[in-house]
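Summary of structural features
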Amino acid sequence: MFVSYWPPAFLCAGVIVYLSVAPPSSIKTILFSFPHGDKIGHSVVYAVLTFLCAGAFRFNTGRWAAGRAGMLALGTAFGLGMVCEWYQFYVPFRSPDGWDLMANLIGAYLAIVLGEGSLAGQASKTS
């Protein structure tokens, strides 16, 4: 059975982009009631994005990308985070934050460290 990781990865990236431009008052989540809840949210969504991108690179691309899936996924997530923080200069009521970028990177890194074993296990079953 062929499963593509690309559609959910693009959907996740779209949600991230939408949340990056949405006014802060329209984003009401339970995470904001916790200390550093915003940073936890950043880490979680970027971990999900990275995991999906790693799966897409591993299973839905050629051999070269599949062998470097973790690093490609990490770079993709970090690149999206940099772009989202940069264009917040131009979005009213939003401002870029280096700590958000750090939270994105931490979430992406954790997804690679924790998810690499499960994706590698899937790869050995499909090979």
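These numbers were taken from a predicted model, which means no experiment stands behind them.

**A look at helix H1 (residues 6–21)**
Structural remark: α-helix, 3.6 residues per turn; residues separated by three or four positions point the same way. Over its 16 residues, H1 runs 23 Å from end to end, which matches the ideal 22 Å to within 8%, given 1.5 Å per residue. Those residues of H1 that sit buried are Ala-9, Cys-12, Ala-13, Ile-16 and Ser-20. One side of H1 carries all its buried residues, which in axial view fall inside an arc of 100°. More than 90 degrees from the buried face of H1, the exposed residues found are Pro-7, Phe-10, Leu-11 and Tyr-18. Buried residues along H1 sit in contact with helix H2 (37–59) and helix H4 (69–87).

**Some thoughts on the packing of H2 against H4**
As a packed pair, H2 and H4 sit with axes 8 Å apart at the nearest point and diverge in direction by 135°. Classified by the interaxial angle, the pair formed by H2 and H4 is oblique. Where H2 crosses over H4, the handedness of that crossing is right-handed. Contacts from His-42, Tyr-46, Leu-49, Thr-50, Cys-53, Ala-54, Phe-57 and Arg-58 of H2 reach H4 at Ala-69, Leu-72, Ala-73, Leu-74, Thr-76, Ala-77, Leu-80, Gly-81, Cys-84 and Glu-85. In the contact of H2 with H4, the residues fall into 12 nonpolar, 4 polar and 2 charged.

**Concerning the confidence of the model for the protein chain**
Predicted confidence across the protein chain gives a mean pLDDT of 86, with 85% of residues reaching 70 or more. Confidence scores differ between elements of the protein chain, with helix H5 (residues 98–126) showing the lowest mean pLDDT of 80 and H4 the highest of 95.

Here is what the cut-offs are and how they apply
Residues numbered from 1 in each chain as written. Predicted model: local features only at pLDDT ≥ 70, side-chain atom pairs only at ≥ 80, totals over all residues. Heavy atoms only, no water. Helix = DSSP H or I, 4+ residues; strand = E, 2+ residues; numbered from the N terminus. Expected span 1.5 Å × (residues − 1). Buried < 20%, exposed > 50% of the residue type's maximum accessible area, 1.4 Å probe, protein only. Arc of directions from axis to C-beta. Contact = heavy atoms within 4.5 Å. Axes fitted to C-alpha atoms, helices over the stretch in contact; angles between N-to-C directions. Parallel < 35°, antiparallel > 145°, perpendicular 65-115°, else oblique. Left-handed = near helix turned anticlockwise from the far one by under 90°. Nonpolar A, V, L, I, M, F, W, Y, C, P; charged D, E, K, R; others polar. pLDDT = per-residue confidence, 0-100.

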